[in-house]
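One-letter residues, chain by chain:
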Amino acid sequence: FNRQSGILERYREFLPITEKTPLVSLHEGNTPLIHAPNLSKQLGVELYVKYEGLNPTGSFKDRGMVMAVAKAVEEGSNTIMCASTGNTSAAAAAYAARSGLRCIVLIPSGNIALGKLAQAIAYGAEVIAIDGNFDEALDIVREITAKEPITLVNSVNPYRIEGQKTAAFEVCDALTDAPDILAIPVGNAGNITAYWKGFEEYFAAKKSNRLPKMYGFQAAGAAPLVHGEPVSNPETIATAIRIGNPASKDGALNAISKSNGLVDSVTDEEILHAYHLLAKSEGVFCEPASAASLAGIIKLHEAGRLQPGSQIVCVLTGNGLKDPNIALKLVGEEPRSVPATHEAVMELVRQSGRE
Ligand code: F0G
């Protein structure tokens, strides 16, 4: 029986944990770093994916949320609130349920993946859909939590960043050092900020011998960091990163400049291509926003901007099952239907074998 069930226990020495902090856990973290041999060959690099979709609620948000909820409980709060494109709300709802807190989530109406909405409802959160986008939802939540006795659990809450930095520790442990490049999708920019903090702290503690270059990728229709200014009407199929005014912009820019990294954009077409390619060539199914990291690496490879043989980790932030509609509508066709006979099935099998 593993008593160190979650990140709070495993990385206690690196986290703001006191004797009063409850060691909340749904067994988050400890996600696999999966080697991608087929894509490595195709791209001429050593490619790994950090599959955060295997966290308890299916995204990296669990790492930050377990820390934020534990501190909320420690501080005597009984209600948490967040704005979300879906994954933060799923994680907040689950850890609030686990800890007996009330949870209120604001989501952009019509722009949240089906699985994420189902999770928030199942875990018992109070879900409010606003007629606006994520940035507007976050503004409202910040105003309300500044006045009311409600704990804000978006990544502007520093405990979220503290929990999320543990993913960088795991990458270093798995590779025995930091990689050459850490490629990551960027939305509200909390996660790139958190990874960089994790890499810097591990390096300072001599648990790694170098720092990676941080490569952030935004969706082309929601790329404020690439344009250098907020985008008022962000648009992308990758609804998780449909964000025009990232709250942790400064953290992201710091990570990129200090690490000698870069920020770039990828089109929805490039995102969907990477999303499908990863699933069918490596057997790893992530959600569309997550594939922005791989799409960015493919784009750089095609532009001749990747050093051959580089060790690259693409962060896959969420599970493909979160957003089944995208897979059904944009990747595959509907299954072909035939009469329930041996002959009819075999005829189709022979036919598709020839295609
Ligand atoms: N990938 C996924 C699957 C996400 O859900 C998010 C953010 C990101 C990437 C970007 O991370 O915001 O730290 O730069 N989702 C937030 C949410 C906004 O509400 O679930 P970031």
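Here the structure is a predicted model, which means the values were calculated and not measured.

**Q** Sorry if this is basic, but what is going on with the site of the ligand here?
**A** Around the ligand, the structure places 18 residues, and the nearest of them are Ser84, Asn188, Ala189, Asn191 and Thr317. Lys61 is positioned with one of its side-chain polar atoms (N or O) 3.0 Å from a nitrogen atom of the ligand. With respect to the ligand, the side chain of Thr317 contributes an N or O atom lying 2.6 Å from a nitrogen atom. For the ligand, the protein covers 99% of the area, taking 470 Å² as the surface of the free molecule. Residue assignment for the shell around the ligand shows that the elements contributing at least two residues are α4 (87-99) and α9 (190-204). Its residues assigned to classes, the shell around the ligand shows 6 nonpolar, 10 polar and 2 charged.

**Q** Help me understand the side chain of Ser59, please; the structure alone is not making it clear to me.
**A** Structurally, Ser59 can be placed in the loop between β2 (46-51) and α3 (61-74). Excluding residues that lie within four positions of it along the chain, Ser59 makes contacts with Glu52, Asn87, Thr317, Gly318 and Lys322.

**Q** Any chance you could explain the pattern of salt bridges here in plain terms?
**A** Where charged atoms from two side chains of opposite charge come close, those side chains can pair. In this structure the tally under the stated criterion is 15 salt bridges. In this structure, Lys71 and Glu74 form a salt bridge, with 3.0 Å as the shortest nitrogen-oxygen distance. Here Lys71 and its partner Glu74 are both found in helix α3, 3 residues apart, which amounts to about one turn of the helix. Its salt-bridge partner being Lys165, residue Glu201 comes within 2.7 Å of it at the nearest N-O pair. Here Glu201, found in helix α9, pairs with Lys165, found in the loop between α7 (158-164) and α8 (166-175); they are 36 residues apart in sequence, far enough to count as distant. Salt bridges sharing common partners tie together Arg10, Lys50, Glu52, Arg63 and Glu170.

**Q** Explain the pairing of β2 here, please?
**A** Along a regular strand, successive side chains alternate from one face of the sheet to the other. Within β2, 5 of the 6 residues are buried, which leaves it mostly tucked inside the rest of the structure. By the bridge criterion, 3 bridges tie strand β1 (residues 33-35) to β2 in an arrangement that is antiparallel. Bridge pairing in β2 places His35 opposite Tyr48. Direction of pairing for β2 relative to strand β10 (residues 311-316): parallel, over a ladder of 6 bridges. The partner of Tyr48 across the bridge, within β10, is Val313.

**Q** Looking at this structure, I do not really get the nonpolar core. What am I missing?
**A** Generally speaking, a soluble globular protein has its nonpolar side chains buried in company with each other. Of all hydrophobic cores here, the largest spans 52 residues; its most connected members are Ile80, Ile192, Tyr195 and Phe199. Examining the composition of this core, we find that 7 residues originate from one element, α3, more than from any other. Discounting chain neighbours no more than four positions away, the residues touching Phe199 are Ala168, Val171, Cys172, Ala178, Pro179, Leu182, Ser208, Leu211, Pro212 and Met214. By size, the runner-up hydrophobic cluster in this structure holds 38 residues, among which are Phe217, Ala238, Leu262 and Ala292.

The rules behind each value
- Residues numbered from 1 in each chain as written.
- Predicted model: local features only at pLDDT ≥ 70, side-chain atom pairs only at ≥ 80, totals over all residues.
- Heavy atoms only, no water.
- Near = heavy atom within 4 Å.
- Polar contact = N/O pair within 3.5 Å; in protein donor to acceptor, adjacent residues only side chain to side chain.
- Areas by Shrake-Rupley, 256 points an atom, 1.4 Å probe, with all protein chains shown as cover.
- Helix = DSSP H or I, 4+ residues; strand = E, 2+ residues; numbered from the N terminus.
- Nonpolar A, V, L, I, M, F, W, Y, C, P; charged D, E, K, R; others polar.
- Contact = heavy atoms within 4.5 Å.
- Salt bridge = Lys/Arg side-chain N within 4 Å of Asp/Glu carboxyl O.
- Buried < 20%, exposed > 50% of the residue type's maximum accessible area, 1.4 Å probe, protein only.
- Pairing = 2+ DSSP bridges.
- Core = buried A, V, L, I, M, F, W, Y, C linked by side-chain atoms within 4.5 Å.

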